[in-house]
Amino acid sequence: MSVIDPFDDTYFMKRAMQEAEAAYEKGEIPIGAIIVIKNQIIARSHNLTETLNDVTAHAEMQAITAAANYLGGKYLIDCTLYVTIEPCQMCAGALFWSQISNIVYGARDEQRGCISMNTQLHPKTIMKGGVMADEASQLLKHFFIEKRNLN
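Nothing here was measured: the structure is a model prediction, and the numbers come from that model.

Engineer: Would you explain the nonpolar core in this entry?
Structural biologist: The nonpolar side chains of a soluble globular protein tend to be buried with one another. Counting residues in hydrophobic clusters, the biggest one holds 40 residues, and the most contacted among them are Met13, Ile35, Leu76, Cys79, Leu81, Tyr82 and Ile100. If you list the elements that add at least two residues to this core, you get α1 (9-25), β1 (32-37), β2 (40-46), α2 (59-71), β3 (79-85), α3 (89-98), β4 (102-107) and α4 (133-150). For this core, the element with the most residues is α1, which contributes six residues. In this structure Tyr82 touches Asp9, Phe12, Met13, Ala16, Gly32, Ala33, Ile34, Val36 and Val104, once residues within four positions along its chain are discounted.

Quick look at the structure:
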């Protein structure tokens, strides 16, 4: 009989999805992020660009700041970011400078994502995508359909 690890990528991506749903409820683009070290969540966030009137208030940027504050330093070595959508170029740049060890994302962002934009991550950062991609993509699509119908 095999033992199921309760702290697998799906477990943590579900927590990031909860953050995305919180963003959705606030009328923010529904992207959520968490940062984990040693199976402990040290930062949770979601997009706050509308709330803060700040184009840099992406979920990843908020999570980086919260995790750095928690750790008491600017580097996120041995940390993993779980984010519902592939990071954009701006967030990937910040993740580069943070030296985060791992990035796990849900759905691809074919137009503005760091992969499509050929944004370089830190050489030691490992990135994995596709975790709960359908759920993340559906939440985002539903948000924009709803926004169009309100206007």
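Engineer: Could you clarify how one ought to interpret α3 in this entry?
Structural biologist: Residues that lie three or four places apart on an α-helix share one face, since the helix turns once every 3.6 residues. Within α3, the full set of buried residues consists of Cys91, Ala92, Ala94, Leu95 and Ser98. Buried residues of α3, viewed axially, fall in a sector of 160°; they line one side. Check the buried side of α3 and you find it contacts α2, β3 and β4.

Rules of the game
Residues numbered from 1 in each chain as written. Predicted model: local features only at pLDDT ≥ 70, side-chain atom pairs only at ≥ 80, totals over all residues. Heavy atoms only, no water. Core = buried A, V, L, I, M, F, W, Y, C linked by side-chain atoms within 4.5 Å. Buried < 20%, exposed > 50% of the residue type's maximum accessible area, 1.4 Å probe, protein only. Helix = DSSP H or I, 4+ residues; strand = E, 2+ residues; numbered from the N terminus. Contact = heavy atoms within 4.5 Å. Arc of directions from axis to C-beta.

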